[in-house]
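Structural overview
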Amino acid sequence: MPSYQIDGLTPVVDPSAYVHPTAVLIGDVIIGPGCYVGPCASLRGDFGRIVLEAGSNVQDSCVLHSFPNHEMVVETNGHIGHGAVLHGCSVRRDALVGMNAVVMDEAEVGEQAMVAACAFVPAGTRLPPRTLSVGTPARVLRELRDGELQRKREATAYYQALARRCLATLHEVQPLPAPEAGRRRLELPPVRPLTDTPR
């Protein structure tokens, strides 16, 4: 992947993590064991440190940047959905930030909390653990149910497995001009749809 040193600081990627070749890492970025970083993600550690702790995932087109002289962290098993923007914030253990959400400077997404897709979390906001926050600006809607937390754990485990699959089998190829006869499908464990989340 494009990886750049700045002011003598080089990104760090644990060998068991997977970072897509189109993601960009700059400067003081530390990616821990079993993490997944998706296509076109940008992690810019040119103002402050960015840390992805073990088992966390940052999906396609996410932007992570830190406020000057601060650390931006996604703790263990953090789950950052497609297109999210995290700026100088903290996402605590087992928390989820939904697709296209924005979390601003010195905000904190509490342990096992969820930020809904397209929500905006203003600077300095503290979202309590095990809550669902929605809207612009984000507000706590309710506490999360056990089934929702289990569903999040399952989704994060899929991304941890995806990191392993990518390390083992993903490589650049030329596309075929047409599908092969009898083209097989991906063989994956079953996943419950979001509409089938137990309470």
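A quick note: this is a predicted structure, and the numbers were derived from the prediction, not measured.

Concerning the nonpolar core
One finds Ile-31, Leu-43, Leu-64 and Leu-86 to be the most contacted residues of the largest nonpolar core, which totals 34 residues. When residues of this core are traced back to their parent elements, those giving at least two are β4 (24–31), β6 (42–52) and β9 (71–74). Setting aside residues no more than four positions away along its own chain, Ile-31 makes contact with Val-12, Val-13, Asp-14, Ala-17, Val-19, Leu-25, Val-37, Leu-43 and Leu-52. Within the second largest apolar cluster, 7 residues are counted, among which are Met-114, Leu-132, Val-134 and Leu-149.

Observations concerning the environment of Asp-105
Secondary-structure assignment places Asp-105 in the loop between β14 (102–103) and β15 (108–109). Here Asp-105 falls in the buried class, since its relative accessible area comes to 15%. Along the chain, Asp-105 and Thr-10 lie 95 residues apart, while their C-alpha atoms are 23 Å from each other. Here His-87 takes part through its side chain, which lies 2.6 Å from a polar atom of the side chain of Asp-105.

Points about the pattern of salt bridges
A complete count under the given rule lists 9 salt bridges for this structure. Between Glu-108 and Arg-92 there is a salt bridge, and its shortest N-O distance comes to 3.0 Å. Placement of the pair is Glu-108 in strand β15 and Arg-92 in the loop between β12 (90–91) and β13 (96–97), with a sequence separation of 16 residues. Given the relative accessible area of 23%, Arg-92 is considered partly exposed.

Rules behind the numbers
- Residues numbered from 1 in each chain as written.
- Predicted model: local features only at pLDDT ≥ 70, side-chain atom pairs only at ≥ 80, totals over all residues.
- Heavy atoms only, no water.
- Core = buried A, V, L, I, M, F, W, Y, C linked by side-chain atoms within 4.5 Å.
- Buried < 20%, exposed > 50% of the residue type's maximum accessible area, 1.4 Å probe, protein only.
- Helix = DSSP H or I, 4+ residues; strand = E, 2+ residues; numbered from the N terminus.
- Contact = heavy atoms within 4.5 Å.
- Polar contact = N/O pair within 3.5 Å; in protein donor to acceptor, adjacent residues only side chain to side chain.
- Salt bridge = Lys/Arg side-chain N within 4 Å of Asp/Glu carboxyl O.

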